[in-house]
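# Breakdown of the fold
Residues per chain are reported as follows:
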Amino acid sequence: MNETRQVYLDNNATTRLRPEALEAMMPHMTDQFGNPSSVHHLGRAVRAKISSARDIIAHAIGADPSEIFFTSGGTESNNLAIKGHAWADRKASGSHIITSSIEHPAVLEVCKYLSKNGYELTQVPVDADAIVDPEAVREAIKSNTTLVTIMHANNEVGTIQPVAEITKIAKESGITVHTDAVQTFMKTPVNVDELGIDLLSISAHKVNGPKGVGALYVRSGTKMHPLGHGGHQERGIRAGTENVAGIIGFAKSVEVGLAEMEKDRAHTKKLRDELERRILAEIPHTKLNGHPEKRLPGTVNISFKCIEGEALLINMDMSGMAISTGSACSSGSLDPSHVLMAMDIPHEIIHGSLRFSFGHENTMDDVDYVMSRLPKIITNLRNISPLWDPKELRVVSLEEAQSNAKVGH
Ligand code: PLP
């Protein structure tokens, strides 16, 4: 495998639009341009399509169509769920919200914002595999707790949380529960009744749909305030003319993807397992991050000792491979990943972490290609690391590295 090829292994970041979804969207960017709120025939035609799209999304998660609210994506769904419920259910004295330490920023930052504006916040920790202990949630519950928000699966390490158990505990105290299911939707079965959940966020571009559209499931009877005020769209919960083409493309991607889900799960798991097995066997001083089994089928996060993740990512990129680091480099910061830190992984290992995330379009050739380049890139980077002994192929301590530097090694 000498030729450079393009390998996309960043499907947790975003996915390619399904051709069927694009085809379904096109007429709504040309002739079928009606506003779904219009009374005339152009509006009515589009309104009927949105209604069918709502049915498809509702069916995919076992909900009633009246419980689906279209949004601009996972971030807005999370904001609407958390702020919308917190504002609607504000108890007399500073209401309390429970979340975890490994949430996506689209939950963490919302919770932090509320905590600076009169709400009380508890972040429950995770164990070394990034799993929340439901008993920790039970202990965190107070008489003024208004919401528990715990993600279904983590985007960096793929660990799946015991959401159904957490919900059961919260329900004993009558507390509303939200889950960010952006990473699990269409990768694992997601059923709102099996999870017992009140609020659930999903996003189209993670499931081979278009960017800028998503949905929030709101169980009937859940207290909600809108974030924005304006027209009566989405039954007053989400004002603004609907992203018609986006919603229709989202529904098509779900319709096609749902029929393929079991096959795609098996396929991505097979590729993921093979890459994981080969990296851990062929490259020394590596460590798997996240739960070995309770994990999204296509996600693997690995730490490479004595490696700077960003340098690794750039070298992989130059060889045609699109992968993410575990750190928050996408936001322009080199801060270590808050997820890996919450898992108590040492700093120097966190910095050398990569997340590979597979989608249905990947093949075993992609795995072979990664393994034809990655070991060599790792060797080259380690050879220029002061913390690596290239003769003995071992990690040296910081003290040893400092004394080597002094004697001019
Ligand atoms: N939640 C999780 C777990 C995610 O992985 C993402 C995207 O990275 C989001 C929320 C945000 O979704 P969107 O990009 O649709 O706003």
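In the block above lies the structure referred to throughout.
Before going into details, it helps to say that this report is about the structure given with it. (Residues numbered from 1 in each chain as written. Predicted model: local features only at pLDDT ≥ 70, side-chain atom pairs only at ≥ 80, totals over all residues. Heavy atoms only, no water.)

## Observations regarding helix 8 (residues 244-282)
Given a rise of 1.5 Å per residue, 39 residues ought to cover 57 Å, yet the end C-alpha atoms of helix 8 are separated by just 49 Å, more than 12% below that figure. In the structure, helix 8 departs most strongly from a straight axis at M261, where the bend amounts to approximately 60 degrees. (Helix = DSSP H or I, 4+ residues; strand = E, 2+ residues; numbered from the N terminus. Expected span 1.5 Å × (residues − 1). Bend = angle between axes of the 7 residues up to and from the residue.)

## Quick word on the sheet that holds strand 13 (residues 353-357)
Taken together, four strands build an open sheet; the order of strands is 9-10-13-12 and the sheet is antiparallel. Two strands in the sheet have a free side with no partner beyond their single neighbour: strand 9 (286-289) and strand 12 (324-325). Sheet topology places strand 10 (residues 299-304) next to strand 13; five bridges connect them, and they run antiparallel. Along strand 13, the bridge assignment pairs V300 with F356. (Pairing = 2+ DSSP bridges.)

## Thoughts on unusual backbone geometry
The backbone of A130 sits at a positive phi, close to 75 degrees, despite the residue not being glycine. Within the element layout of this structure, A130 appears in the loop between strand 4 (120-124) and helix 5 (134-140). With a relative accessible area of 0%, A130 lands in the buried category. Here E234, not a glycine, exhibits a phi torsion of approximately 50 degrees, which is positive. In this structure, E234 sits in the loop between strand 8 (214-218) and helix 8. (Buried < 20%, exposed > 50% of the residue type's maximum accessible area, 1.4 Å probe, protein only.)

## Digging into the side chain of K83
In this structure, K83 sits in helix 3 (residues 74-88). For the buried K83, no salt bridge is present, and the opposite-charge side chain at shortest range is E76, 10.0 Å distant. Of note is the side chain of K83, whose polar atom sits 2.7 Å from the side chain of N79. Filtering out sequence-adjacent residues up to four positions away, K83 remains in contact with V110, Y113, L114 and L227. (Lys, Arg positive; Asp, Glu negative; His and termini not counted. Salt bridge = Lys/Arg side-chain N within 4 Å of Asp/Glu carboxyl O. Polar contact = N/O pair within 3.5 Å; in protein donor to acceptor, adjacent residues only side chain to side chain. Contact = heavy atoms within 4.5 Å.)

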